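So the chains spell out like this:
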Amino acid sequence: MAPVSLVTVTMVTLCLYCDMTTGLSTSEAAQFTVSGSYSATLTVSSTSTTYTISSSGMPDHAWQSVNPNTPTAQNHVVTVPKTPTVASTKGCLPMGQIAITRTGVSLYNPLASGYVNAVEGSSAETFDSCDGHATDRGDYHYHKLPSSCLWQNELDYLIGVAMDGYPIYGPNTTGYSAWLTTSSLDDCHGITIGGEYRYVATTDFPYLLGCFHGVISDSSFDTTYSCSSSTNYAQWNGYLCSCHELSNAANSLTSLSQIVTLVGLVAMSTAPSQQFL
Ligand SMILES: *[C@@H]1O[C@H](CO)[C@@H](O)[C@H](O)[C@H]1NC(C)=O
């Protein structure tokens, strides 16, 4: 075997090892299941490079119509890479869905319509006894750590997966005597443990994710906007890069594709028929 081939073989071997340290492992993917209660359905299919999670989006636990919308079956199809790619510029979070739970329920940007904190302060919304609520289109979702029914302080518990393919874990983590908080995490609300990157859901802002650590392969929206500062959310003591800030950066757009994306995002965020409750 020529030396070049040996190098290639070595690189491929290293890459296989890399695959095992990023994204959802086989055992993590196997944890995406539902009890079937409350019309919750979920299936996971995979290719050599992706997992696709298809779900009804219904919680498989009790819910109440508190805001006062009622959850209805959705048609969630989330495809994530088995091996996420670290983004060179961290991705902004769209309004609405940013991730999906192990039970197929939407996880949302911490901001609600009007770009205000959905969880805390004067703009805090009403959540049911399981920490979720539905949009006017019936999409049940969590904006915060679902600590009443989905997760109940189990150690090293998989909550779900972000749209870039990195897993989201609960804050009770082996090796830490207290729940992890935002101050222990990077801007995107993640941490590398045992060589594997994970997001951590916490009780403090921004609760789930602060930005996307990895590349989003879904081309229906562009998350590559570089957020300029965290001062917009300084009162919450946590970083958030939310895509709606694009509308504040129109003067700095340099390419047609960015402008097209901007128009699309603004249209999405102002569509009268859907509110990001
Ligand atoms: C984390 O979970 C373990 C196992 O359930 C529990 O013993 C421990 O008290 C929890 N840690 C915290 C900080 O709540």
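Before going into details, it helps to say that this report is about the structure given with it. These numbers come from a predicted model, not from an experiment.

Parameters at a glance
- All residue numbers refer to position in the chain's written sequence, counted from 1.
- For a predicted model such as this one, the threshold for reporting local features is a pLDDT of at least 70, and the threshold for listing and counting side-chain atom pairs is 80 or more; totals across whole chains, interfaces and linings nevertheless cover every residue.
- Helix numbering and strand numbering both begin at the N terminus, where a helix is a DSSP run of H or I of at least 4 residues and a strand a DSSP run of E of at least 2.
- With C-beta atoms placed from the backbone, a residue is labelled by how many other C-beta atoms lie within 10 Å of its own: buried for 20 or more, exposed for 12 or fewer, partly exposed between the two.
- Being paired, for any two strands, means DSSP has found at least two bridges between them.
- Convention adopted: a line fitted to C-alpha atoms gives each axis, helices being fitted over their contacting stretch, and angles between N-to-C directions are expressed from 0 to 180 degrees.
- To decide whether a residue is near a molecule or strand, its C-beta atom is placed from the backbone and checked for lying within 6 Å of it.
- When residue character is reported, Ala, Val, Leu, Ile, Met, Phe, Trp, Tyr, Cys and Pro are called nonpolar, Asp, Glu, Lys and Arg charged, and the others, Gly included, polar.

### Some words on the overall build of the chain
Helices and strands together make up the secondary structure of the chain, namely three helices and 15 strands. Put simply, the chain has 277 residues, and 42% of those count as buried.

### Examining the sheet that holds strand β3 (residues 76-81)
If you trace the three strands from one edge of the open sheet to the other, you get β1-β2-β3, paired in antiparallel fashion. Looking along the sheet, the strands with just one partner apiece sit at the ends: β1 (42-46) and β3. Taken pair by pair, the neighbouring strands of this sheet meet at an average axis angle of 15°, ignoring direction.

### Considering the site of the ligand
Lining the immediate surroundings of the ligand are Asn153, Glu154, Leu155, Asn172, Ala178 and Trp179. Its residues assigned to classes, the shell around the ligand comprises three nonpolar, two polar and one charged.

### Side note on the pairing of β1
With five bridges connecting them, β1 and strand β2 (residues 50-55) associate as antiparallel partners. Within β2, the position partnered with threonine 43 by the bridge is serine 54. Adjacent in sequence and paired antiparallel, β1 and β2 are bridged by three residues.

### As for the sheet that holds strand β11 (residues 158-162)
Strands sit in the order β9-β10-β6-β5-β11-β12-β14-β13 across an open sheet of eight strands; the sheet is mixed. Edge positions in the sheet fall to β9 (133-134) and β13 (190-193), since each has one partner strand and no second. As defined by bridge partners, strand β6 (residues 106-108) adjoins strand β10 (residues 140-142) across two bridges and the pair is classed as parallel. Bridging from a neighbouring strand, leucine 107 pairs with tyrosine 142 of β10.

### Notes on unusual backbone geometry
At the junction of asparagine 67 and proline 68, the peptide bond is cis and its omega measures out at 0° in the coordinates. Here phenylalanine 205 and proline 206 are connected by a cis peptide whose omega angle stands at 5°. Position of proline 206 among the secondary structure elements: in the loop between β14 (196-200) and β15 (212-214). Not every positive phi belongs to a glycine, and histidine 189 is a case in point at roughly 80°. Along the chain, histidine 189 turns up in the loop between β12 (167-169) and β13. Since 26 C-beta atoms lie within 10 Å of it, histidine 189 is described here as buried.

No statement about biological role is implied by the geometric values presented.
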